[in-house]
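# Survey of secondary and tertiary structure
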Amino acid sequence: QVTLKQSGPALVKPTQTLTLTCTFSGLSLKAFATRATWIRQPPGKALEWLARIDWDDDKFYRSSLKTRLTVSKDTSKNQVVLTLTNVDPADTGTYYCVRMRQDSDAYDVWGQGTLVTVSS
Amino acid sequence: QPVLTQPPSVSGAPGQRVTISCTGNTSNIGAGYDVHWYQHLPGMAPKLLIYLNEDRPSGVPDRFSGSKSGTSASLTITGLQADDEAYYYCQSYDISLSDHVVFGGGTRLTVL
């Protein structure tokens, strides 16, 4: 059974950098066709795709956030890390680490979510 | 504005059937891209309900079904139960957008 456990701050000040970590269990990030994605949901708004990192280290970013987002992985710890620099109150929301199914672009395993508030 | 349009809310009595629509265009659903559906209970992570338009992951009851036609897709829930009360989101792929992954705005299902 694949599980994702997220960690990271609940409160970040404007202009600071947000770092979120997602630990995969039950599946190696090096396994063929493993794709880890970050999705967020601002309060009262729809889900929003942010970034993806694949087993072969391919990376993809939301175009509007590309200059501020970085996704990486530490295979020794089986962790995926998302960093968002220069945060703004508009970055407030719940952030989810998610596994994409191998047979489609559906997201079948979700982390518990991290509610991040950007406020001074 | 979300690329995929869903009704903000739907409701039904226990035991009834409800359908939630997800309307796209010729760059996403109408172009043949698959639609997936998620159930989002308050305080929980979203849960994959339907993938590849009509397939159910293991453990999802067959009360939940999906379909797709033209530029739209639908999620149907039969035998409505109180714990079906949640938000439901559709997701697809859009070839015209640089980010490609698109979600609907979500539909709140109320069980009366």
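Here goes a summary of the coordinates provided. Note that the structure is a prediction, hence the values are computed from the model and not measured.

Criteria and cut-off values
- Residues numbered from 1 in each chain as written.
- Chains lettered and ligands numbered in written order.
- Predicted model: local features only at pLDDT ≥ 70, side-chain atom pairs only at ≥ 80, totals over all residues.
- Heavy atoms only, no water.
- Salt bridge = Lys/Arg side-chain N within 4 Å of Asp/Glu carboxyl O.
- Buried < 20%, exposed > 50% of the residue type's maximum accessible area, 1.4 Å probe, protein only.
- Helix = DSSP H or I, 4+ residues; strand = E, 2+ residues; numbered from the N terminus.
- Polar contact = N/O pair within 3.5 Å; in protein donor to acceptor, adjacent residues only side chain to side chain.
- Contact = heavy atoms within 4.5 Å.

Bringing the pattern of salt bridges into the picture now. Inspection of every chain in the model, using the stated rule, returns 9 salt bridges over all chains. Its salt-bridge partner being A:D54, residue A:R52 comes within 2.8 Å of it at the nearest N-O pair. Of the two residues, A:R52 and A:D54, neither departs from the other in class, the shared state being buried. The partner of B:R63 in a salt bridge is B:D84, with the nearest N and O atoms 2.8 Å apart. You can see B:R63 sitting in the loop between β4 (47-50) and β5 (64-69) and its partner B:D84 sitting in the loop between β6 (72-77) and β7 (86-93), a full 21 residues away along the chain. Take B:R63 and B:D84: they sit in the same class, and that class is buried. Within the structure, one salt-bridge network assembled from shared partners comprises A:R40, A:E48, A:R68 and A:D91.

This next bit is on the side chain of A:R99. Residue and element names in this part refer to chain A. Structurally, R99 is set in strand β9 (residues 93-100). A relative accessible area of 13% places R99 in the buried class. Polar side-chain contacts of R99 include one of 2.8 Å to the side chain of D108. With residues near it in sequence (within four places) discarded, R99 still touches V2, L4, F24, L27, R35, A106, Y107, D108 and V109.

Fair warning: the whole summary comes from geometry, so function is off the table for now.
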